[in-house]
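# A structural walkthrough
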Amino acid sequence: MSDRLHRFLFEHADVRGEVVQLDGAFTEVVSRTRHEPAVQRLIGEGLAAVALLSATLKYPGSLTLQLQSDGPLGLLLVQGGTGGGLRAMARVRGPLPDSNDLAEQARGGTLAITIQPEADGEQYQGVVDLSGGSLAAALEHYFRESEQLPTRVWLSAEESRAAGMLIQRLPGQQDEADADAWARAGYLAATVTGSELRELAPGELIRRLFHEEDIRLFDPMPFRFQCRCSRDRVTAMLQGLGEAEMRETLAEQGEVEVHCDFCNEPYRFDAVDIEALFADPATRGPDSTSAH
Ligand SMILES: [Zn+2]
């Protein structure tokens, strides 16, 4: 099990980086969501991306990556935060094209990154298109638009392991020597292959890629699969749908069963539970109030 993110810093240049490898967290999501391999790969890339992005946050908070389109991949939703929890779900309209081109898989789609600070503070959202053809390209686009920090991103996911790397030019002296270091870092990092990114120990990966550079490697940050669903949240959602709809479902199916979109956990409500949901007049849905 890895599920760790390693941050690193170029000692003599304003360049920083991160490498993340996820196996337990990724396989947990895959086993719960059960999609075809092409969708699983995108889920893996999305999980790695959210881990990389959440490690760039300067304050505690949560981060949502939402890809929406009219194409075969209707929705990819990945959530994480500075606490290290990760979860993901996808909705597909049909098989994804073999091209591995995100612009085709999610035709006309957009990628939205939403950051919600834990403390009181304003939510931030940045939205970009998918014309770059990959999630990594869309993220680079996002960084150009939102943070204005030159950033390069690599993502890779196969069967049981997802991984990603990010390098970023920090606002610093920005002199010529630094510009050269940034260009060199990008050139060296771009030689990474998907299997190296997934399989090599992060320390070794970083040493191999940047062997002539003086690199400081920080202690790793752990990540894990974590869903935020609960019976209370499902109860509130059912109350929102209204008493009439719940009673109809109950009459048709004998019970109301809801599965969490992220973790597939079942929540069951029988006739007594449904009765209790709407027993308090304050929770009676809008469609159950009489019309006089
Ligand atoms: Zn859940």
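Residues numbered from 1 in each chain as written. Predicted model: local features only at pLDDT ≥ 70, side-chain atom pairs only at ≥ 80, totals over all residues.

### Quick notes on the overall build of the chain
In terms of helices and strands, the chain carries 10 helices and 14 strands. Dimensions along the principal axes, computed over C-alpha positions, put the chain at roughly 75 × 40 × 35 Å. For the chain, with 292 residues in total, the buried portion stands at 35%. Considering only residue pairs separated by 6 or more positions, the chain has 64% of its internal contacts joining residues 24 or more positions apart. (Helix = DSSP H or I, 4+ residues; strand = E, 2+ residues; numbered from the N terminus. Buried ≥ 20, exposed ≤ 12 C-beta atoms within 10 Å, placed from the backbone. Contact = placed C-beta atoms within 7 Å.)

### Topic: the pairing of strand β5 (residues 85-92)
Sheet analysis places strand β4 (residues 73-81) next to β5, joined by seven bridges and oriented antiparallel. Residue pairing across strands places Leu75 opposite Arg91, the latter belonging to β5. Hairpin remark: β4 followed by β5, antiparallel, with three residues in the connecting loop; positive phi at Gly84, about 100°. Two elements, β5 and strand β12 (residues 224-225), share two bridges in a ladder whose sense is parallel. Note that in β12 the partner of Leu86 across the bridge is Phe225. (Pairing = 2+ DSSP bridges.)

### Examining the domain arrangement of the chain
What the domain assignment reports for the chain is domain 1 (4-225) and domain 2 (231-288). Contacts between domain 1 and domain 2 engage five residues on the former and four residues on the latter. Mapped onto the side of domain 1 that touches domain 2, the elements with two or more residues apiece are α1 (24-33) and β5. With three residues, β5 is the single largest residue contributor to the side of domain 1 that touches domain 2. For the side of domain 1 that touches domain 2, a count of residues per class yields two nonpolar, one polar and two charged. (Domains from an automatic or database assignment. Nonpolar A, V, L, I, M, F, W, Y, C, P; charged D, E, K, R; others polar.)

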